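A structural walkthrough
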Amino acid sequence: MPDYMIKPYDVLFFRGNKSFHFGAWRTEGVFPPFPSTFQGFIRNKLLLDSNLIDAGGKLKDTIDAKKQVEQIGDDKNIGVDITGPYLMSADTGEIYFRTPSDLFRKAAGCDMCYSAFPLKIEPLESDHGFDLCCPNIPDGKLDNLYPSEFISLSEICDYRLSLEGIKIIGKELCVTEDRVGIALDTAKLRANNRTVEENKFYTTPYNRLRDSIGFYCNVDKPLKNGALKFGSESHLVHVSSIAADSIIEQKLRQSREALISGIIKTKTFRLILLQHGIFEHGWTPFKQKEEKRNIFETDGLKLELLFAFTQPPLRISGYSFEKNTATTKQQGISLKPMKNAVPAGAVYMFRMSDEATEDAIKTFVEKYDNRKIEKNTRYSKMGFNHVILGNGHKL
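Note that this is a predicted model, so its numbers are computed, not measured.

When you go through the chain residue by residue, the secondary structure sums to eight helices and 23 strands. With 395 residues in all, the chain has 46% of them scored as buried. Sequence-distant contacts, at least 24 apart, represent 73% of the contacts inside the chain between residues at least 6 apart. For the chain, the accessible surface area stands at approximately 20500 Å², while carbon and sulfur atoms represent 48% of it.

So this is what it looks like as structure tokens:
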């Protein structure tokens, strides 16, 4: 599967799910863009490369709708498999991910970090039907002890093999630039009168990537090099192929044997979300078998969820542009269902049952390390649910 880099020429802005009202004094977007946003850009590029859309981005009237579905699928069946988007440096080739939520600095201003998963199980009674445990959170003001927002691929390779002594060098990948706009009179706008309101302004933080920074993705269909509009303001970006294929897999493969050996010794592992997760079973990546004991089952293995670090869920939706199958012209707009997503950077620690054999563990790692949970679902094909595995410790 080929790798690509998308490099913007200017600032970018990506809409979130919050109401965007021009009369408000400030609006906010989402950065990096959700996979649900990014997949629309990739599918549009596939249509452009196949000469199925015109210069304005509209599907050509002469095109058979079947050709469109062959290239990009439809709302139910995504016709392409995407990994990403992630930030990437063109100078160093490093790819950057959301920093795992279990990491904290050893001291304010220190680059050395450690995982705050408890070193032993000391349960606290709760009314949830199962016991709770306290994480190994450092003393002091937590705002000063969080590591940088993004972690490089090289750093995450070290992190997944150890729970301490992890060095994370913060790098400024993106800066925001506030843009000021004039609010429209929404009452007159309904009558197609684009009149502005007096003394009503709003500001919007746009994202400007640093000179060598762009978006990395891996796509199972070839893309042609060239420019295309991207983001809510339709600013131009340039798509170019990367000489090496499957960069993430090549790097992670180098430490996979050490990862397998560690899991065999401890019978514990961490599951780390590189991208937001939309799972069939809610906030957990596997099907729960015994609720009171947090027992899960997958691929013939019994897994006990010991701890988890995560943030509040993200609400992800979007629009569906329905087409008249006879003419391919747009006939209406409908909202896609709202989904709660587990944020990228969430980390789960599981313990395997004593019955798990070395062969079973090796098979499990090869199936889930640098793979997607529920890989054949449309959300996974958009880019959601991308995970890697890491070593745990003996408990």
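Another point: the sheet that holds strand 7 (residues 166–167). The three strands lie next to each other as 4-5-7, forming an open sheet whose pairing is antiparallel. Each of the sheet's edge strands pairs with one partner strand only, and the pair in question is strand 4 (103–105) and strand 7. In this sheet, strand 7 lies alongside strand 5 (residues 112–115) in antiparallel orientation, the contact comprising two bridges. Its bridge partner being in strand 7, Met112 is matched across the sheet by Lys167.

Turning our attention to empty space enclosed by the protein. For the coordinates displayed, the defined rule picks out one cavity of 30 Å³ or more. Quantified by volume, the largest cavity comes out at close to 120 Å³. Residue lining of the largest cavity: 13 residues in total, with Pro32, Pro85, Tyr86, Arg98 and Gln275 positioned closest to the centre. Those elements giving two or more residues to the lining of the largest cavity turn out to be strand 2 (82–89) and strand 3 (95–98). For the lining of the largest cavity, a count of residues per class yields ten nonpolar, two polar and one charged.

With that out of the way, let us pick up the layout of surface pockets. Counted as a void, the second largest pocket has a volume near 1100 Å³. Going through the elements one at a time, strand 3, strand 4, strand 6 (150–152), strand 8 (174–184), strand 9 (196–209) and strand 17 (314–316) are the ones with two or more residues in the lining of the second largest pocket. Split by residue class, the lining of the second largest pocket holds 22 nonpolar, 14 polar and eight charged.

What follows covers the packing of aromatic side chains. One pass over the full model with this rule turns up 22 aromatic pairs. Ring geometry for Phe38 and Phe41: centres 6.0 Å apart, planes at 40°, overall tilted. Within this pair, Phe38 and its partner Phe41 are both found in helix 1 (residues 35–49), separated by three residues, close to a single helical turn. Phe38 sits in the buried class, given a relative accessible area of 0%.

Time to look at the nonpolar core. Ile6, Phe38, Phe41, Ile42, Leu87, Phe215 and Phe230 are the most contacted members of the largest nonpolar core, which totals 39 residues. Elements with a minimum of two residues in this core: strand 1 (3–8), helix 1, strand 2, strand 10 (213–219), strand 11 (226–230), strand 12 (235–241) and helix 8 (378–382). Counting residues per element, this core draws most heavily on helix 1, at five residues. Not counting the four nearest positions on each side in its chain, Ile6 is found in contact with Phe38, Phe41, Gly214, Phe215, Cys217, Val237, His238 and Val239. The next biggest cluster of nonpolar side chains, apart from the first, holds 32 residues, and it includes Tyr114, Ala116, Leu153 and Leu163.

With antiparallel pairing, seven strands are arranged side by side in an open sheet as 14-15-16-21-13-23-22. Across the chains shown, the open sheet's two edge strands, defined by having one partner strand only, are strand 14 (287–290) and strand 22 (371–372). Note: strand 13 (residues 268–273) against strand 23 (residues 386–391), five bridges, orientation antiparallel. Bridge pairing in strand 23 links Leu271 to Leu389. Along the sheet, helix 6 (residues 256–266) contacts strand 13, strand 21 (347–352) and strand 23; its crossing angle with strand 23, the most-contacted strand, is approximately 60°.

Reading the values: rules and limits
- Residues numbered from 1 in each chain as written.
- Predicted model: local features only at pLDDT ≥ 70, side-chain atom pairs only at ≥ 80, totals over all residues.
- Heavy atoms only, no water.
- Helix = DSSP H or I, 4+ residues; strand = E, 2+ residues; numbered from the N terminus.
- Buried < 20%, exposed > 50% of the residue type's maximum accessible area, 1.4 Å probe, protein only.
- Contact = heavy atoms within 4.5 Å.
- Areas by Shrake-Rupley, 256 points an atom, 1.4 Å probe, with all protein chains shown as cover.
- Pairing = 2+ DSSP bridges.
- 1 Å grid on protein atoms, 1.4 Å probe; cavity = no way out; pocket = protein on both sides within 12 Å on 5 of 7 lines; lining within 4 Å.
- Points joined across faces, edges and corners; volume = space filled by probe spheres on them.
- Nonpolar A, V, L, I, M, F, W, Y, C, P; charged D, E, K, R; others polar.
- Phe/Tyr/Trp six-rings, centres within 6.5 Å; stacked < 30°, edge-to-face > 60°.
- Core = buried A, V, L, I, M, F, W, Y, C linked by side-chain atoms within 4.5 Å.
- Axes fitted to C-alpha atoms, helices over the stretch in contact; angles between N-to-C directions.

No statement about biological role is implied by the geometric values presented.
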